[in-house]
Amino acid sequence: MLGGLETSLYFCSAMNENHFGEYHRPGRIEVVCGSMFSGKTEELIRRMKRAKFAKQRVIIFKPRIDVRYSEEDVVSHDRNVIPSTPIDSSASILLLSSDIDVVGIDEAQFLDDQLPAVCNELANRGIRIIIAGLDMDFKGTPFGPMPALCAIADDVTKVHAICVRCGSLAYVSHRLVANDKRVLLGETSEYEPLCRHCYEEALQEEERQRQAAENSSNP
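Residues numbered from 1 in each chain as written. Predicted model: local features only at pLDDT ≥ 70, side-chain atom pairs only at ≥ 80, totals over all residues. Heavy atoms only, no water.

1. Some details on the overall build of the chain
Stage number 1. A tally of regular secondary structure across the chain gives 6 helices and 10 strands.
Stage number 2. Within the span of the chain, comprising 219 residues, buried residues form 42% of the whole.
Stage number 3. Within the chain, contacts between residues separated by at least 24 positions form 71% of all contacts whose residues are at least 6 apart in sequence. (Helix = DSSP H or I, 4+ residues; strand = E, 2+ residues; numbered from the N terminus. Buried < 20%, exposed > 50% of the residue type's maximum accessible area, 1.4 Å probe, protein only. Contact = heavy atoms within 4.5 Å.)

Structure (structure tokens):
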């Protein structure tokens, strides 16, 4: 076993190696994806704070339409906060990322289809990009630029919420309100994370209710 001094030296060495690794990490694209309530933004904030701790120059962006918790900051469901720059298009990221080591992007599914090209250009400049976003919409369809980002990423981390009906790993964000708009900002009153089985059961139940309502209105 390590003694007290040896233990201290070991952890100091490990910390220095981690800092060296963070600072000298080459340009790369990292994607954190999953359903709602899976901890995507939490993981993005964790990685960005780690980069700041390593004395790197960082900036984080989010779509301007995301105003659920704050108009300016990126805020996780657990209320962890990091300052951000709201943007209307991915082109703004190129304009605002000069002299930056690490770029963070939250809710990337809401940005335009030019985002993968923007991220590739930044990574080729030697910048590390960390992206968080929903991989599927409430219908289980791949969402916005996320499929292309996963394809070109150096690393993809799929995180999972817990299905609120059975406790299994969640598969998709099930919408609880009657609204077919693809983009509908919301929280637990509008969405619930469900596994594949419970999601199919929920869709079947909704269809039964829809048919019952139609039958009652057309006797």
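2. Re the environment of isoleucine 65
Stage number 1. With respect to the helices, strands and loops of the structure, isoleucine 65 is situated in the loop between strand 2 (58–63) and strand 3 (74–75).
Stage number 2. Among the residues examined, isoleucine 65 registers a relative accessible area of 44% and is labelled partly exposed.
Stage number 3. Sequence separation of isoleucine 65 and aspartate 88 is 23 residues, and the distance between their C-alpha atoms is 8.0 Å.

3. Considerations on the nonpolar core
Stage number 1. If you look at the biggest cluster of nonpolar residues, it comprises 23 residues, and the most contacted ones within it are Ile93, Val103, Ile105, Ile129 and Ile131.
Stage number 2. Setting aside chain neighbours within four positions, we find isoleucine 93 in contact with Phe61, Ile87, Val103, Ile105, Leu115, Val118 and Leu122.
Stage number 3. Core analysis: the next-biggest nonpolar cluster, separate from the first, contains 9 residues, Leu44, Ala51, Ile60 and Ile82 among them. (Core = buried A, V, L, I, M, F, W, Y, C linked by side-chain atoms within 4.5 Å.)

4. Regarding the packing of aromatic side chains
Stage number 1. All told, the structure shown has 1 aromatic pair when counted by the stated rule.
Stage number 2. With 5.9 Å between their ring centres and 85° between their planes, phenylalanine 110 and phenylalanine 143 make a pair best called edge-to-face. Of this pair, phenylalanine 110 sits in the loop between strand 6 (102–105) and helix 4 (115–124) while phenylalanine 143 is found in the loop between strand 7 (128–134) and helix 5 (146–152), placing the two residues 33 residues apart along the sequence.
Stage number 3. On the accessibility criterion, phenylalanine 110 (18% relative accessible area) is buried.
Stage number 4. Judged by its relative accessible area of 5%, phenylalanine 143 falls in the buried class. (Phe/Tyr/Trp six-rings, centres within 6.5 Å; stacked < 30°, edge-to-face > 60°.)

5. As for helix 2 (residues 40–53)
Residues that lie three or four places apart on an α-helix share one face, since the helix turns once every 3.6 residues.
Stage number 1. In this model helix 2 runs 20 Å from its N-terminal to its C-terminal C-alpha over 14 residues, within 8% of the 20 Å that 1.5 Å per residue would give.
Stage number 2. Residues Lys40, Thr41, Glu43, Leu44, Ile45, Arg47, Met48 and Ala51 constitute the buried set of helix 2.
Stage number 3. Lysine 55 lies just past helix 2 and shows a positive phi near 70°. (Expected span 1.5 Å × (residues − 1).)

6. Structural notes on the pairing of strand 10 (residues 191–194)
Stage number 1. Across the two faces of strand 10 the burial is the same, with Tyr191 and Pro193 and Glu192 and Leu194 all buried.
Stage number 2. Pairing analysis gives 4 bridges linking strand 9 (residues 172–175) to strand 10, with the strands arranged antiparallel. Bridge assignment links serine 173 to a residue of strand 10, and that residue is proline 193. (Pairing = 2+ DSSP bridges.)

7. Regarding the sheet that holds strand 6
Stage number 1. Read across the sheet, 6 strands follow the order 5-2-6-7-1-8 without closing on themselves; strand pairing throughout is parallel. Among the strands making up the open sheet, the edge pair consists of strand 5 (85–87) and strand 8 (155–159). Geometrically, the sheet is characterised by an average inter-axis angle of 20° between neighbouring strands, direction not taken into account.
Stage number 2. Pairing geometry for strand 6 and strand 7, over 4 bridges, is parallel. Within strand 7, the residue paired with isoleucine 105 across the bridge is isoleucine 131.
Stage number 3. Together, strand 1 (28–34), strand 2, strand 6, strand 7 and strand 8 form the strand contacts of helix 2, whose direction differs from that of strand 7 by roughly 165°. (Axes fitted to C-alpha atoms, helices over the stretch in contact; angles between N-to-C directions.)

8. Re the side chain of arginine 28
Stage number 1. Its location among the elements puts arginine 28 in strand 1.
Stage number 2. The class of arginine 28 is buried, set by a relative accessible area of 19%.
Stage number 3. Here the side chain of arginine 28 touches glutamate 30 through a polar contact of 3.0 Å, side chain to side chain. (Polar contact = N/O pair within 3.5 Å; in protein donor to acceptor, adjacent residues only side chain to side chain.)

9. Observations regarding the layout of surface pockets
Stage number 1. Here the second largest pocket defines a volume of roughly 290 Å³.
Stage number 2. Among the elements that make up the lining of the second largest pocket, the one with the highest residue count is helix 6 (residues 196–217) (3 residues).
Stage number 3. Looking at the lining of the second largest pocket residue by residue, the classes come out as 6 nonpolar, 2 polar and 4 charged. (1 Å grid on protein atoms, 1.4 Å probe; cavity = no way out; pocket = protein on both sides within 12 Å on 5 of 7 lines; lining within 4 Å. Points joined across faces, edges and corners; volume = space filled by probe spheres on them. Nonpolar A, V, L, I, M, F, W, Y, C, P; charged D, E, K, R; others polar.)

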